[in-house]
Amino acid sequence: MHTVEVVVSLLLVAIIAVSLLSNVVVLICFLYNADIRKQVPGLFILNLTFCNLLLTVSNMPLTLGGLIYRGHPSGHGFCQIVGFLDTFLTTNSMLSMAALSIDRWVAVVFPLSYHSRIRHRDAVLALCYTWIHSLSFSVVASCLSWVGYHQIYASCTLCNTRASSVRTQFVIYTLVLHSVTFLLSLVVLCVTYLKVLKVARFHCKRIDVITMQTLVLLVDIHPSVRQRCLEEQRRRRQRATRKISTFIGTFIVCFTPYVLTRVMELFELFPISPHWGALCKCLAYSKAACDPFVYSLLRHQYRKTCRDIANRLLRTRRSLNTAARRQENGRAWKGEKEVRPREKQQQQQEEEVVKEKAEEHEEEEAGEKEARSDETTRESDSTELSNSTRETT
């Protein structure tokens, strides 16, 4: 393998791992927290997460196989299914991002009437449109056999495998597809998020004016406190700009090289290197790894849910460990219970043996005393007899 292919393959492996893990975490948070499920943006995030997960497990491994084996890694039928999913999932995810931007624009610009303007029914209708839009383009490409393995991108995607007589139709189809998906989503994202940034800066200015008036009234305030307030104002303005730049910047960086390469490929202005095509495809895949952090995991509600899940898992693990320790202690205590009667029996047997030996020793001592007393009586009798004989003589 070439060095560029090795680097792109390693990059794709990292994208697959991060995308799979982060999207699964977002899905777990959605299922765990009822407040997230009740919110309207949760439906768009769920749809985006579903598209990213399906893209991660279906298209990315096949592209990795194409990079490693430098050729078609699967059959023609399976490649057509994966190519259909590639068009459908990419289009659906772009439109879901546009729907999320519209939702946030309404929430910031019309905060008091947000719940009356955006309801779950409206979100479901928007999702239905994204699915119909994505399915229509994917079905047309599959029916016209415009899906196959593309050597430049090392993946199963849009590819004019038929004769050059339908080349004009394929060019029109591709331009319309990218115009009503990528270009439309980019315009919606830029317009809505720039309006959101404008409103956020206006609110920041109002807060800054109130803060400065308060600082002017508080003449005796410490200089360090005044400096902290001014730094907080600056951080607030930078935070709003950074969020909007992240939403728009990730979309442009990830999708623009791939879309522009596909458009340039249609007009055959100059040959496209397979290394550049594979890199552009990996950048498009990287959006699936960025979306969980951009739209979900960096928000306070999702971070709190992740902490709650982690604490619950830790408590469950501790409870299982304590239960296992108690069970082991219970087994040891039962073993001690079984051992203690045996030890008592042994002690009793030893005590009985000691008692028997003591009784035998006492009996032996008593027998010796009796024998000694008999000898003394005999001696006394013999002395008496001798004395009596002497007296008689």
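In this text, all values refer to a predicted model and were calculated from it rather than measured experimentally. (Residues numbered from 1 in each chain as written. Predicted model: local features only at pLDDT ≥ 70, side-chain atom pairs only at ≥ 80, totals over all residues. Heavy atoms only, no water.)

**Observations regarding the overall build of the chain**
The criterion, for reference: The helix count covers DSSP runs of H or I at least four residues long, the strand count covers runs of E at least two residues long, and both are numbered beginning at the N terminus. Three exposure classes are used, based on accessible area relative to the maximum for each residue type with a 1.4 Å probe and protein chains only: buried under 20%, partly exposed in between, and exposed over 50%. Two residues form a contact once any of their heavy atoms are found within 4.5 Å.
The helix and strand inventory of the chain stands at 10 helices and two strands. Ordered by position from the N terminus, the helices and strands of the chain form the series α-α-α-α-α-α-β-β-α-α-α-α. When each of the 393 residues of the chain is scored for burial, the buried share is 37%. The long-range fraction of contacts in the chain, counting pairs at least 24 apart against all pairs at least 6 apart in sequence, stands at 79%.

**Describing helix α3 (residues 41-69)**
Count 3.6 residues to each turn of an α-helix, and residues three or four apart come out pointing the same way. Cut-off, in case you're wondering: How far a helix is expected to stretch is found by multiplying one less than its residue total by 1.5 Å.
Helix length check: α3 (29 residues) gives 41 Å between terminal C-alpha atoms against 42 Å at 1.5 Å per residue, within 8%. With 22 of 29 residues buried, α3 is to be regarded as a mostly interior element. The positive-phi residue at the C-terminal boundary of α3 is Arg70, with phi of around 55 degrees.

**Examining unusual backbone geometry**
A positive phi angle, near 60 degrees, is found at Ser145, a position not held by glycine. Examined against the element boundaries, Ser145 turns out to sit in the loop between α6 (120-143) and β1 (147-150). With a phi angle near 55 degrees, Ala154 is a residue other than glycine that sits in the positive phi range. The topology assignment puts Ala154 in the loop between β1 and β2 (155-158).

**A word on the packing of aromatic side chains**
For clarity, the cut-off: To pair, rings of Phe, Tyr and Trp, with the six-membered ring standing in for Trp, must have centres within 6.5 Å; the planes then decide the type, stacked if under 30 degrees apart, edge-to-face if over 60, and tilted in the middle. Either the NZ atom of lysine or the CZ atom of arginine qualifies as a charge over a ring when it sits within 6 Å of the ring centre and within 35 degrees of the ring normal.
A full pass over the atoms with the stated rule returns 12 aromatic pairs. A ring pair is formed by Trp146 and Phe170, whose centres lie 5.5 Å apart and whose planes are at 80 degrees; its orientation type is edge-to-face. In this pair, Trp146 is assigned in the loop between α6 and β1 and Phe170 in helix α7 (residues 167-217), connecting sequence segments 24 residues apart. Plain terms: the ring middles of Tyr193 and Phe247 are 4.8 Å apart, the flat faces sit at 25 degrees to each other, and that makes the pair stacked. With Tyr193 in helix α7 and Phe247 in helix α8 (residues 223-267), the pair connects residues that are 54 residues apart, well separated along the chain. Judged by its relative accessible area of 1%, Tyr193 is buried. On the basis of relative accessibility, which here comes to 7%, the residue Phe247 falls in the buried class. An aromatic cluster is built from Phe50, Phe84, Phe88 and Trp131, whose rings are joined through pairwise contacts. The ring of Phe110 is capped by Arg117, whose NZ or CZ atom sits 4.1 Å from the centre of that ring.

**Here's the deal with the packing of helix α1 (residues 3-32) against helix α9 (residues 274-297)**
Defined as follows: Between N-to-C directions, angles cover 0 to 180 degrees, with each direction set by a line fitted to C-alpha atoms, over the stretch in contact for helices. For classification, angles of less than 35 degrees are called roughly parallel, those exceeding 145 degrees roughly antiparallel, those between 65 and 115 degrees roughly perpendicular, and all remaining angles oblique. Should the near helix be turned anticlockwise from the far one by less than a right angle, the crossing is left-handed, and should it be turned clockwise, the crossing is right-handed.
As a packed pair, α1 and α9 sit with axes 9 Å apart at the nearest point and diverge in direction by 20 degrees. Relative to α9, the element α1 lies roughly parallel. Here α1 and α9 pass one another in a crossing that is left-handed. Taken together, the residues of α9 that come into contact with α1 (itself represented by Val4, Glu5, Val8, Leu11, Leu12, Ile15, Val18, Ser19, Ser22, Asn23, Val25 and Val26) are His275, Ala278, Leu279, Cys282, Tyr285, Ser286, Ala288, Ala289, Pro292, Phe293, Ser296 and Leu297.

**As for the pairing of β1**
As a reminder, the rule being used: Here, any two strands with at least 2 DSSP bridges between them count as paired.
Bridge analysis of β1 against β2 gives four bridges, and the strand direction is antiparallel. Each bridged residue has a counterpart across the sheet, and for Tyr149 the counterpart in β2 is Cys156. Where β1 folds back on β2, the antiparallel hairpin that results is connected by four residues, among which Ala154 adopts a positive phi of roughly 55 degrees.

**Comments concerning the nonpolar core**
Keep this limit in mind: To form a nonpolar core, buried Ala, Val, Leu, Ile, Met, Phe, Trp, Tyr and Cys residues must be joined to one another through side-chain atoms within 4.5 Å.
In terms of nonpolar packing, the biggest core is built from 44 residues, with Phe251 and Tyr295 touching the most fellow members. Elements supplying a minimum of two residues to this core: α1, α3, α4 (76-109), α6, α7, α8, α9 and α10 (300-392). Per-element accounting of this core gives the leading share, eight residues, to α8. With residues near it in sequence (within four places) discarded, Phe251 still touches Met94, Met97, Phe182, Ser185, Leu186, Leu189, Thr256 and Lys287. Within the second largest apolar cluster, 23 residues are counted, among which are Ile15, Leu64, Cys79 and Ala289.

**Brief notes about the environment of Met264**
Along the chain, the position of Met264 falls in helix α8. Taking relative accessible area as the criterion, Met264 reaches 29% and is therefore assigned partly exposed. When neighbours within four sequence positions are excluded, Met264 is seen to be in contact with Leu269 and Phe270.

**Quick notes on α6**
For α6, spanning 24 residues, the distance from its first C-alpha to its last is 34 Å, which sits close to the expected 34 Å at 1.5 Å a residue. What α6 keeps buried is the set Ala123, Leu127, Thr130, His133, Ser134, Phe137, Ser138 and Ala141. Residue Ser145 follows α6 closely and has a positive phi angle near 60 degrees.

**Focus on the confidence of the model for the chain**
The condition is simple: As a per-residue measure, pLDDT reflects the predictor's confidence and takes values from 0 up to 100.
Within the chain, residue pLDDT values average 81, and 77% of them lie at 70 or more. For the stretch residues 388-393, pLDDT sits under 50, and the model shows zero contacts to residues farther than four places along the chain or on other chains.

**Considerations on a negative patch on the surface**
Cut-off, in case you're wondering: Residues enter a patch when their relative accessible area is above 30% and they make no salt bridge; the linking distance is 9 Å between like charges and 5 Å between nonpolar side chains (Val, Leu, Ile, Met, Phe, Trp, Tyr). Note on areas: these come from Shrake-Rupley sampling with a 1.4 Å probe, and a residue is covered only by the protein chains present in the view. For this analysis, a salt bridge means a side-chain nitrogen from Lys or Arg found within 4 Å of a carboxyl oxygen belonging to Asp or Glu. Only four residue types enter the tally: Lys and Arg on the positive side, Asp and Glu on the negative side, with His and both chain ends excluded. Charged side chains are reduced to one point each, which is NZ for Lys, CZ for Arg, CG for Asp and CD for Glu.
Taken together, the side chains of Glu350, Glu351, Glu352 and Glu356 present a region of like negative charge at the surface. Take Glu350: it is sitting in helix α10. Exposure remark for Glu350: the relative accessible area of 53% places this residue in the exposed category.

**Comments concerning the pattern of salt bridges**
Taken as a whole, this structure holds five salt bridges when the rule is applied. Between Lys281 and Asp86 there is a salt bridge whose closest N-O contact spans 3.0 Å. Taken together, the positions of Lys281 in helix α9 and Asp86 in helix α4 put the pair 195 residues apart, joining distant regions of the chain. Residue Asp308 is joined to Lys304 by a salt bridge in which the shortest nitrogen-to-oxygen separation is 3.4 Å. Residue Asp308 and its partner Lys304 are both found in helix α10; the two are separated by four residues, about one turn of the helix.

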